[in-house]
Every structure is written in structure tokens, then in C-alpha cells.
Amino acid sequence: MIIDCHGHYTTEPEQLKLFRRAQKAALDSGGAAPQLGSISDDEVRESVENNQLRVLRERGGDMMIFSPRASGMEHHVPDPSTAVAWARASNDLVARVADLFPQHFAAVCQLPQTPGGALDDVVAELRRCVEERGFVGANLNPDPSGGNWTSPPLTDPYWYPVYEALVELDVPAMVHVSSSCNPNFHALGAHYLNADTSAFMQFLEGDLFERFPTLRLVIPHGGGAVPYHWGRYRGLSMRMGWKDPSELLRNVFFDTCVYHQPGIDLLTRVIPTENILFASEMLGAVRGGDPETGIAWDDTKRYLDAAGLGEAQLQAVFEDNARRVYPRLDARLRGK
């Protein structure tokens, strides 16, 4: 089985987009909170059958771990009630995709975060999605301000209520930012990769996993700059008297959303294969094909197949690691 651990609902029905625009208009005008328009099962099916599901099948994949559009989470919008309504609507639609195509999609939830906001609603939505809707994980935004970094580091006690719930529910979180409100940081080319790299550095400086030894966090996009600068992290750790970065690998995992062969080769040589989860992020940030190779940028399976890994290593990256990091997905698959 080939499990893609990183997919977003980037082809959501138009009614969801209209609902979001109405939400923000109501905040600007002081009007009443809007309601999401009706979306039929046929509309949900159509939105993925010729998009994510078609591409997944064409590339030999079996299952995608699926969450709402990352840039659309928009945690920088500060109103808590709006954040809750938006997360619930987005998550319920993802849950419908997973319910309609249970053999191909497993749901991961958006959390109703706001800049510096209380985390009670965040934990409540996480519990609702996992316990009531069968979600297998969550996306956690380390920077709800959208590129201004006003929240405490991920190692700060501020985040502990979320970690306690993740550990209790035995689900991982993918550390994934949303839109960028800072013109210095392009969302897809800078903000996302900055966040991936910054999160790892925060973990290295702190003692988060001593406090939460069973917490599992996935850093997407190949870990940002982490594999490329592994020597820097090791050298800093020795200089500062911190733990060796390899100690973080008991709890931290990386996906394969790296869109060229040399990048995948570096990732698989620096990071142990037991810490790498196959992912493509299709249909996501980088679409189309590389004119030099003829390979779609996000066809990461092709790059992995050519990375010189052994059969057991490929089995781990394509399936076993995802089932270990997402035990609720594993239980669901075993149940089938």
C-alpha cells in the first residue's frame, strides 16, 4: 500500500468559498454570522474524483491523508467564533470526502486557532473531529498571526493543552502554517519553509519531548532547510550544550514534499528512512511539470523510486511509517 500523508482539499466546492467570504464580510460590517449553503454528495464526489483521486490512482497511490486547504485556514483572522465556525465547516466537508471514499481518504483536521487566542476551542474541535468524526490527526499552525510570529515557541507551556489532547487521543499533528500576512514572506516559497525550519530549531532548544515523550509531530515539505543544514544543527548543539538533533527523531518526522531528485536524495541520505513519510501535497503549492525531466513537480513517488533505497526502506517510507505515526489510520486499515 502507498499512503500519501500530505494532501489538502484544494478543490473544495464553491459554496465553501462563498461561506468564507460571507464570514469575513460579516466581520467587517458587523452583520450576522452567515450559514454554509447546501452541498450535495454528488458535488463532493465531483470535486475529488477528477482531481486528487484521479491523480492518486494514476501515480499508483492508494490512500491520502487529507485536510482542509492550508492557505485557507487563515488563522490570522482574530475572531474566535468565526474561527470555530470556519474550522467546523471545513473539517466536516473533509470528513464527507473520507466518508464517501473511505478506501482512499483519511481525514486530518484544521484547528480554530487565532493569534494569541485561548486554546479551549482548539482542543474541543480536535476532540470532536477525532472522537466523533474519525479523524486520524491534526494540522497545528505554529504562527497563527500569518508571518508575524506573535505566538510563543512551540515548546512554550501555552501549547501544552493541545499536546496533552494529542497524546491522550494518540494522534499526531503536522506542523503547518497558513497564509502569510507579511509581504516579506511569500506564503508558499518562504513562509511555509521558514516555519518548517523554525519549528525544528524550537524543538532543539527546548525540552518538549522530555515532557511529552509520546507526542508525534510531522514537519512537512521535507523539513524545510533542516536536512540541508543538519551539520549546522549538530554543531550548534555541541556548542550550546543541547541534545544532539538525532534525539528529536524519536518524535519528529519529515514528509517527502520535495520537488526535485537531488532534494529527495539529500533527504533520504541525511534523515533515517524510519523518519520519512511519503507525501506529495497534490494538488497543492507546485503544479505542472519540470520541463527538463518531464516529471510532474509533485510526483514525488518517481523521485523516491529513483533514490536508490532498498525494498525494505521503500516499504517503510510508502506505508509502514505512516501507519506507525498515525495509529488510528493503522487501526482503520486493519479493521478493513
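Concerning the overall build of the protein chain
Across its full length, the protein chain holds 13 helices and eight strands. In terms of overall size, the protein chain behaves like a compact globule, its C-alpha atoms giving a radius of gyration of 19 Å where 336 residues would be expected to give roughly 20 Å. Along the first, second and third principal axes, the C-alpha set of the protein chain runs to 55 × 45 × 40 Å. Looking at the protein chain residue by residue over its 336 residues, the buried ones come to 56%. In the protein chain, 77% of the contacts between residues at least 6 apart in sequence involve partners at least 24 apart. Accessible area of the protein chain: about 13800 Å², with a carbon and sulfur share of 50%.

Points about the packing of helix 12 (residues 311-325) against helix 13 (residues 327-335)
Close contact between helix 12 and helix 13 brings their axes to 5 Å; oriented N to C, the two are set at 110°. Classified by the angle their axes make, helix 12 and helix 13 are roughly perpendicular. Here helix 12 contributes Arg-323, Arg-324 and Val-325 to the contact with helix 13, which in turn contributes Pro-327, Asp-330, Leu-333 and Arg-334. Partitioned by chemical class, the residues of the contact of helix 12 with helix 13 number three nonpolar, no polar and four charged.

A closer look at the packing of helix 4 (residues 80-100) against helix 5 (residues 120-133)
Packing of helix 4 against helix 5 leaves a shortest axis separation of 11 Å and a crossing angle of 20°. In terms of axis orientation, helix 4 runs roughly parallel to helix 5. The interaxial crossing formed by helix 4 with helix 5 has right-handed handedness. On helix 5, the residues touching Pro-80, Val-84, Ala-87, Arg-88, Asn-91, Asp-92, Ala-95 and Asp-99 of helix 4 are Asp-121, Glu-125, Arg-128, Cys-129 and Arg-133.

Points about the environment of Phe-212
Its place among the elements puts Phe-212 in the loop between helix 8 (208-211) and strand 6 (217-219). For Phe-212, a relative accessible area of 10% puts it in the buried group. Here Phe-212 is in contact with Tyr-160, Tyr-163, Glu-164, Val-167 and Asn-251, once residues within four sequence places are set aside.

A look at the pairing of strand 3 (residues 105-109)
Within strand 3, five of the five residues are buried, leaving the element largely enclosed by the surrounding structure. Bridge count between strand 2 (residues 63-68) and strand 3: three bridges; the pairing is parallel. Bridge pairing in strand 3 links Ile-65 to Ala-106. Following the backbone out of strand 2, through helix 4 and into the adjacent parallel strand 3, one traces a crossover that is right-handed. Direction of pairing for strand 3 relative to strand 4 (residues 137-140): parallel, over a ladder of two bridges.

Here we look at the sheet that holds strand 4
Taken together, eight strands build an open sheet; the order of strands is 1-2-3-4-5-6-7-8 and the sheet is parallel. Whereas interior strands pair on both sides, the edge strands pair on one side only; in this sheet they are strand 1 (3-9) and strand 8 (276-277). As paired strands, strand 5 (residues 173-175) and strand 6 are joined by two bridges and run parallel to one another. Pairing of Met-174 across the sheet is with Val-218, part of strand 6.

Considerations on unusual backbone geometry
Across residues other than glycine, the phi torsion is negative in most instances, and most of the peptide bonds are trans. Between Met-282 and the following residue, Leu-283, the backbone shows a cis peptide bond with an omega angle of -10°. As for its placement among the helices and strands, Leu-283 is situated in the loop between strand 8 and helix 11 (300-305). Phi angles above zero are rare outside glycine, and Glu-74 is one such case at about 50°. Positionally, Glu-74 belongs in the loop between strand 2 and helix 4. With phi around 55°, His-221 is a residue other than glycine that occupies positive phi space. For His-221, the position within the fold is in the loop between strand 6 and helix 9 (230-240).

Topic: the nonpolar core
Core analysis: the biggest nonpolar cluster contains 78 residues, and Phe-105, Leu-126, Tyr-163, Phe-200, Phe-203, Leu-208 and Phe-254 have the highest contact counts within it. Per-element tally for this core: the top contributor is helix 4, with seven residues. With sequence-adjacent residues up to four places away left out, Phe-105 is seen in contact with Val-48, Gln-52, Leu-53, Met-63, Met-64, Phe-66, Val-97, Ala-98 and Arg-332. Counting residues in each nonpolar core, the second largest holds 19 residues, with Ile-65, Ala-279, Ala-322 and Leu-333 among its members.

Basis of the calculations
Numbering of residues starts from 1 in each chain and follows the order in which that chain's sequence is written. It should be noted that, the model being predicted, local features are given only for residues of pLDDT at least 70 and side-chain atom pairs only at 80 or more, the latter also being counted only at that level, while totals for whole chains, interfaces and linings use all residues. Heavy atoms from the whole structure form the basis of all side-chain values; hydrogens and water molecules are not counted. Helix and strand labels come from DSSP, where a helix needs a run of H or I of at least four residues and a strand needs a run of E of at least two; each type is numbered from the N terminus. C-alpha atoms define the radius of gyration, and 2.2 Å times the number of residues to the power 0.38 defines the globule rule. Only protein chains enter the area calculation, which uses a 1.4 Å probe; residues under 20% of their type maximum are buried, those over 50% are exposed, and those in between are partly exposed. Contact criterion: two residues are considered in contact whenever any of their non-hydrogen atoms come within 4.5 Å of each other. The accessible surface values rely on the Shrake-Rupley method and a 1.4 Å probe; as for residues, cover is taken only from the protein chains in view. Whenever a helix is involved, its axis is fitted only over the stretch in contact; in every case the axis is a line through C-alpha atoms, and angles between N-to-C directions fall within 0 to 180 degrees. Roughly parallel means an angle under 35 degrees; roughly antiparallel means over 145; roughly perpendicular covers 65 to 115; every other angle is labelled oblique. Each residue gets one of three labels, nonpolar for Ala, Val, Leu, Ile, Met, Phe, Trp, Tyr, Cys and Pro, charged for Asp, Glu, Lys and Arg, and polar for the others, Gly among them. For a crossing to be left-handed, the near helix must be turned anticlockwise from the far one by less than a right angle; the clockwise case is right-handed. A pair of strands counts as paired when DSSP detects no fewer than two bridges linking them. When the strands point away from the viewer, a crossover counts as right-handed if the route from the first strand across the helix to the second turns clockwise. For this analysis, a nonpolar core means a set of buried residues of the types Ala, Val, Leu, Ile, Met, Phe, Trp, Tyr and Cys, connected via side-chain atoms within 4.5 Å.

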